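Coordinate inspection notes
One-letter residues, chain by chain:
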Amino acid sequence: MTGLTIAAAKTSDEVDADLAAALAAIVGDANVLSEFEARRAYAHDRLPFANFRERFGKLAGVVPRLVVRPGSDAEVAAIVKLANARKVELIPFGNGSGVLGGAIPLHREVMVDLRRLDQIVSINPQDAMVTVQAGMNGMVFENALNAEGFTTGHLPQSIEISTVGGWAACRGGGQASSRYGKIEDIVIGLKAVLPDGTPLEIRPVARRSVGPSIRDLLVGSEGAFGIITELTLRLWRLPEEERGVVLALPSLEAAWEAARRIMQAELRPTVVRIYDEAESRERTEGLDQFKAKPILAILVFSGAEPVLGAEQTAALDIVASVGGEVAPDGPFRHWKENRYVAYSQKWQAAGYYNDTVEVTGNWSAIPGMYAAMSAAVREIYPKIHFGAHWSHVYPEGACQYMTIRLPPMDEAEALPLHSRLWEALQSLTLEHGGSIAHHHGVGLFRNPWIEKELGAGLGVIQKIKDALDPDNLMNPGKLGLRGAAGAVDLRRGEV
Ligand SMILES: Cc1cc2nc3c(=O)[nH]c(=O)nc-3n(C[C@H](O)[C@H](O)[C@H](O)COP(=O)(O)OP(=O)(O)OC[C@H]3O[C@@H](n4cnc5c(N)ncnc54)[C@H](O)[C@@H]3O)c2cc1C
């Protein structure tokens, strides 16, 4: 045992030898993990609340009862069938980089670690598609495509620590989303195993008109509607050229106005990033232009001439018309060099309570939403670090990505504050007509707000879940759906 002070009953400490043997008959002994320490490594993902708890020797959920590592679609199907026959709960596991607790076991689940499904199946340049197994590491995948002169354009900050299947399961977004779209715009087809073990194939076809999209039941499913084993994604040729432009703008309003008009003018910069004053200051120290124009924005244009130059000129004309000007490119180079670095662990290790919350607002709502949120978090804790940036922009609106950070303090004081901050940010999003999640998904941490987000839609997805998974075996208690009887009830803020 470790030094954890969690109740033994919650650790699923008894290993089910019979189940382990049955799983080993499918995947081989080496691919069933039953040792406590090995299972313990799967008791969390990157949910900050779980991290806060672990600093104090506690868990957010439980230690899973077993871990199984399938190496083929057929093995995944056999595992799901076995789980059905024995009423065993399963959690698909990508790489555990989710930040909402989607992969945290809460009952007596078996983790299905998909990282042995790690191959590119085929590259099809003519139809501009790549087919890849779901457990492939994101960076390994992108590097392999780059070596052949291609990209999918899906470049999340977590690309080095996440899988392709995890991207789709969480309905994620990459840093180049303004040009290539979010993952739901990039997935063309997929293979999955439904909760009863039935294989499902969405054939990759350019478009179809055959009723509601079954693909979209799996894209964003967070493990609750099946296990994705393979994906076919859009493929693009690597751009010939890329140009980063740093901008100094007089105000946030001017920056939002420029981004809105750029997207509504059908221009598609690869990257658009606007930082609020707090985040701009951190990145522009010593740069004179930002004394008078304190808002930093970064635009990246890519492609080939003459379109590249024309797009850049048209976008910079819009920027100039709102009072923005081009600044030295240091902040672009710094962003590019650090685009895949995770900062949160540094703060967690130093005892801070660091978290991020990403929401979507329409352009008409963003100014009021941002002002209300800035005021609300300071009312909850006046010395809070609060910063925001807008890095996924659309003709209709943008993702507002916020960092909240409380200084080191007692857990009993910090967790209720953390809980109130989330409540304020999620409720204000809804009050301003936005969506509570842009790309991190729901997991378990956003369960409290999902009903208000979806309305009658939550009943629809619960009914679909009940029909596909009548015993509630696939990742129960996530996505705002019903949990398993007797599962750990994660009450945020309670110590
Ligand atoms: C530092 C940092 C930066 C991040 N930046 C971004 C970002 O830029 N953009 C972004 O979108 N997200 C980001 N995230 C969040 C996270 O990386 C993504 O949600 C990622 O897509 C999760 O992938 P994973 O493979 O690690 O999945 P996991 O964390 O293992 O799983 C996440 C959820 O998906 C389910 N799941 C995983 N694989 C499958 C599968 N094959 N079939 C069915 N269900 C499955 C799990 O059951 C779970 O519910 C970031 C996280 C961190 C820690």
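In the nomenclature of an unreviewed UniProt entry, the chain is known as FAD-binding oxidoreductase of Xanthobacter tagetidis. What the UniProt record of the chain gives under Cofactor (unreviewed entry) is the line "FAD".

As a matter of local geometry, the ligand sits amid 36 residues, with Pro92, Ser97, Ser158, Thr163 and Gly173 nearest to it. Between glycine 166 and the ligand, the recorded distance is 3.1 Å, taken from a backbone N or O atom to an oxygen atom. For the shell around the ligand, the secondary-structure elements that each account for two or more residues are β3 (90-93), α6 (164-170) and β10 (227-234). Sorting elements by how many residues they give to the shell around the ligand places α6 first, with five residues. Each residue belonging to the shell around the ligand can be placed in one class, and the counts come to 15 nonpolar, 19 polar and two charged.

All right, on to the pattern of salt bridges then. For the structure shown, the criterion picks out 26 salt bridges. Residue arginine 215 pairs with aspartate 216 through a salt bridge whose shortest N-O separation is 3.3 Å. Through salt bridges with shared partners, a single ionic network connects Arg171, Lys182, Glu184, Arg215 and Asp216.

Quick look at the sheet that holds strand β13 (residues 271-275) now. Strands sit in the order β15-β12-β14-β13-β17-β18-β16 across an open sheet of seven strands; the sheet is antiparallel. Strands at the two margins of the open sheet, each flanked by one partner only, are β15 (325-327) and β16 (353-362). Direction aside, neighbouring strands of the sheet carry axes that sit 25 degrees apart on average. As paired elements, β16 and strand β18 (residues 397-406) share 10 bridges and run antiparallel to each other. Its bridge partner lying in β18, valine 357 is registered against methionine 402. The strands touched by helix α10 (residues 252-264) within the sheet are β12 (241-249), β13, β14 (295-303) and β17 (385-393), with β13 carrying the most contacts at an inclination of about 165 degrees.

Here we take up the nonpolar core. Core analysis: the largest hydrophobic core is formed by 66 residues, its most contacted members being Ile274, Phe386 and Trp390. With sequence-adjacent residues up to four places away left out, tryptophan 390 is seen in contact with Leu252, Trp256, Val272, Arg273, Ile274, Tyr275, Asp276, Ile366, Tyr370, Ala398, Cys399 and Gln400. Among the nonpolar cores identified, the runner-up in size contains 31 residues, and Ile183, Val187, Leu190 and Leu218 belong to it.

Listed under "active site" (unreviewed entry) in the UniProt record, and renumbered for this structure, are Tyr401. Since its relative accessible area comes to 13%, tyrosine 401 is described here as buried. Ignoring any residue separated from it by four or fewer positions in sequence, one finds tyrosine 401 in contact with Gln157, Thr356, Val357, Glu358, Gly387, Ala388, His389, His439 and His440. In this structure the side chain of tyrosine 401 is engaged in a polar contact, spanning 3.5 Å, whose partner is the side chain of threonine 356.

Here the focus is the sheet that holds strand β6 (residues 129-133). Overall, antiparallel pairing links the five strands, which are arranged β5-β6-β10-β8-β9 in an open sheet. Two strands bound the open sheet, and with one partner strand each, they are β5 (120-124) and β9 (199-202). Between one strand axis and the next, the sheet turns through 10 degrees on average, direction left out of account. Packed on one face of the sheet, helix α4 (residues 73-86) meets β8 (187-193) and β10 and runs near 50 degrees to β8. Docked against the sheet, helix α5 (residues 138-147) engages β5, β6 and β10, running at close to 35 degrees with respect to β5.

Rules behind the numbers
Residues numbered from 1 in each chain as written. Predicted model: local features only at pLDDT ≥ 70, side-chain atom pairs only at ≥ 80, totals over all residues. Heavy atoms only, no water. UniProt positions renumbered as here; feature names shortened; annotations may be inferred. Near = heavy atom within 4 Å. Polar contact = N/O pair within 3.5 Å; in protein donor to acceptor, adjacent residues only side chain to side chain. Helix = DSSP H or I, 4+ residues; strand = E, 2+ residues; numbered from the N terminus. Nonpolar A, V, L, I, M, F, W, Y, C, P; charged D, E, K, R; others polar. Salt bridge = Lys/Arg side-chain N within 4 Å of Asp/Glu carboxyl O. Pairing = 2+ DSSP bridges. Axes fitted to C-alpha atoms, helices over the stretch in contact; angles between N-to-C directions. Contact = heavy atoms within 4.5 Å. Core = buried A, V, L, I, M, F, W, Y, C linked by side-chain atoms within 4.5 Å. Buried < 20%, exposed > 50% of the residue type's maximum accessible area, 1.4 Å probe, protein only.

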